[in-house]
Amino acid sequence: MSTLNKSENQPTQDPWIYRHWSALWGVLAVGSALALWLAFGDAVFSQPYWYAWVLIPVAWAHEFEEYFIGNFWRWYNRTCFKSKEDFFPLTRQRAFLINGSSAIPLVLQALLISAFDFNALTLFLLLTVHANAWFHITYAVGEGRYSPGFWTSLLLYLPLSVYGLYDLTIITGVVTPLGFVVGFAVSLLAFITANKRALASYLTAKFQPAYQFDLNGLSDWLDGVRLKGKHTLYTAQKHVVAALTKGFERRRGLLLCGMMGTGKTAMGGAAAAAMASGAAVGLVPAMRSD
C-alpha cells in the first residue's frame, strides 16, 4: 500500500513506472515523430491516411503535456472531483493503466487503416480526441484558467481530428454518414462514461438547482394544509409544492409529472392555493392563463 507524503499529498512508494511514465511519453512522442520523418521525410503528409500515423506522436505529446507539464492528477482531482487529495480518485496507477494502454490502439489503428482500409478504429480515436480537445478548450476558455493539455488540444488534437474526420467522410468518403453518427455516439458515450464523475461534479458546482429544499418560505403554510379537512401533506409532497412555487418565480408555466397515486392533484391544488392566497411571493407577473 502506498504511503502519503503529507507535505505534498502524493504517494511516495508507488512503483517507478507509475511516477515517471509521463516523462517517457515525451520521449515516445519525439521518437515516434522522428521515426515517421525518417521513414517518409517530406512525403509523410502525402501518404494516404497520414493523420492515422501522426496521431501516434500527437497523442503521446498531449499526455506528456497533461501529466508531466501540467500535473493533470492534481488538476483533475481537485478541480473536477473537488477532492482534497492530489492523487484520488484518479491515482497514478489508474492514470498509467489508462494512458499506458493507449499505445496498442494508436499503433493498431494506423496499421489497420493503412494495410486493410479498416477505418472504424481510426474514426473512433479521431472522434475521441476531438471530444477530449473540446473538454480542455472549453474549460480553459470558460474558467479563464489553464487546463493541462490545453495547448496540444488547441494546436494538435483539434486541427488533426477535424482534418481526419473531413478526409474520412468527405474527401475519401470511406465513412458513411450513418457510420459517422454511430462512431460519434460510441465515442461520446465512451468519453462521458470515462469522465462521468468529473462531469457530474462540475455541473453540480456550476449549476445550482433553483429549489434548495428549503420549502421556499412556505413551511408554516404547508404545515397548515389539510386534505379533505384532516390529512396533512407528506414531507415529499410539501417539497414538490414549494418547488412549484419557486419555479413560478422564473417561469410562466410548469408541468407536474408523477406516477399514479403520488398526489398530483393535491400538490397542484396546494401550489395554486399558495399562489392565490399570497403565501407564495415573487411570482412572475404574467402567468399562463391555462
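Residues numbered from 1 in each chain as written. Predicted model: local features only at pLDDT ≥ 70, side-chain atom pairs only at ≥ 80, totals over all residues. Heavy atoms only, no water.

### Quick notes on helix α2 (residues 50-69)
Its 20 residues place the ends of α2 27 Å apart at the C-alpha level, agreeing with the 28 Å of an ideal helix rising 1.5 Å per residue. The axis of α2 is deflected most strongly, by about 30°, at Ile-56, and proline Pro-57 appears within four residues downstream. With 15 of its 20 residues buried, α2 lies for the most part within the structure. Asn-71, located one to two residues past α2, shows a positive phi value of around 50°. (Helix = DSSP H or I, 4+ residues; strand = E, 2+ residues; numbered from the N terminus. Expected span 1.5 Å × (residues − 1). Bend = angle between axes of the 7 residues up to and from the residue. Buried < 20%, exposed > 50% of the residue type's maximum accessible area, 1.4 Å probe, protein only.)

### What to know about the nonpolar core
Grouped together as the largest cluster of nonpolar side chains are 47 residues, with contacts concentrated most on Tyr-76 and Leu-168. Of all the secondary-structure elements, those providing two or more residues to this core are α1 (16-40), α2, α3 (72-80), α4 (92-100), α5 (103-116), α6 (120-143), α7 (150-171) and α8 (177-206). Contact partners of Leu-168, with chain neighbours within four places excluded, come to Tyr-49, Tyr-51, Ile-113, Asn-119, Thr-122, Leu-123, Leu-126, Gly-173, Val-174 and Val-175. Of all hydrophobic cores here, the second largest spans 16 residues; its members include Val-225, Leu-233, Met-275 and Ala-280. (Core = buried A, V, L, I, M, F, W, Y, C linked by side-chain atoms within 4.5 Å. Contact = heavy atoms within 4.5 Å.)

### Describing the confidence of the model for the protein chain
Scored by pLDDT, the protein chain has a mean of 88; 94% of the residues are at 70 or more. Per-residue pLDDT stays below 50 along residues 1-8; that stretch engages in 15 contacts with residues further than four places along the chain or on separate chains. (pLDDT = per-residue confidence, 0-100.)

### Some details on the layout of surface pockets
For the largest pocket, the calculated volume is near 890 Å³. Secondary-structure elements contributing two or more residues to the lining of the largest pocket are α2, α3, α4, α5, α6 and α8. Per-element tally for the lining of the largest pocket: the top contributor is α8, with 8 residues. Its residues assigned to classes, the lining of the largest pocket shows 19 nonpolar, 8 polar and 5 charged. (1 Å grid on protein atoms, 1.4 Å probe; cavity = no way out; pocket = protein on both sides within 12 Å on 5 of 7 lines; lining within 4 Å. Points joined across faces, edges and corners; volume = space filled by probe spheres on them. Nonpolar A, V, L, I, M, F, W, Y, C, P; charged D, E, K, R; others polar.)

### A look at the pattern of salt bridges
Charged atoms that come close allow side chains of opposite charge to pair. For the structure on display, the rule yields 4 salt bridges. The residue Arg-78 makes a salt bridge to Asp-86 at a minimum N-O spacing of 2.3 Å. Judged by relative accessible area, Asp-86 falls into the buried class, the value being 7%. With a shortest N-O distance of 2.6 Å, Asp-223 and Lys-238 are connected by a salt bridge. Taken together, the residues span a long stretch of sequence, with Asp-223 in helix α9 (residues 219-223) and Lys-238 in helix α10 (residues 235-247) at a distance of 15 residues. For Asp-223, a relative accessible area of 36% puts it in the partly exposed group. With relative accessibility at 15%, the residue Lys-238 sits in the buried group. Where salt bridges share partners, they join Arg-74, Arg-78 and Asp-86 into one cluster. (Salt bridge = Lys/Arg side-chain N within 4 Å of Asp/Glu carboxyl O.)

### As for unusual backbone geometry
Note that the residue after Phe-88, namely Pro-89, is joined by a cis bond; omega there is 10°. Checked against the element boundaries, Pro-89 lands in the loop between α3 and α4. The residue Asp-117 is not glycine, and still its phi comes out positive at about 60°. Along the chain, the position of Asp-117 falls in the loop between α5 and α6.

### Observations concerning the environment of Leu-254
Relative to the helices and strands, Leu-254 resides in the loop between α10 and α11 (264-276). A relative accessible area of 33% places Leu-254 in the partly exposed class. Distance from Leu-254 to Leu-244, taken between C-alpha atoms, is 7.5 Å for residues 10 residues apart in sequence. Discounting residues that sit within four places of it in the chain, Leu-254 has contacts with Leu-244, Gly-247 and Phe-248.

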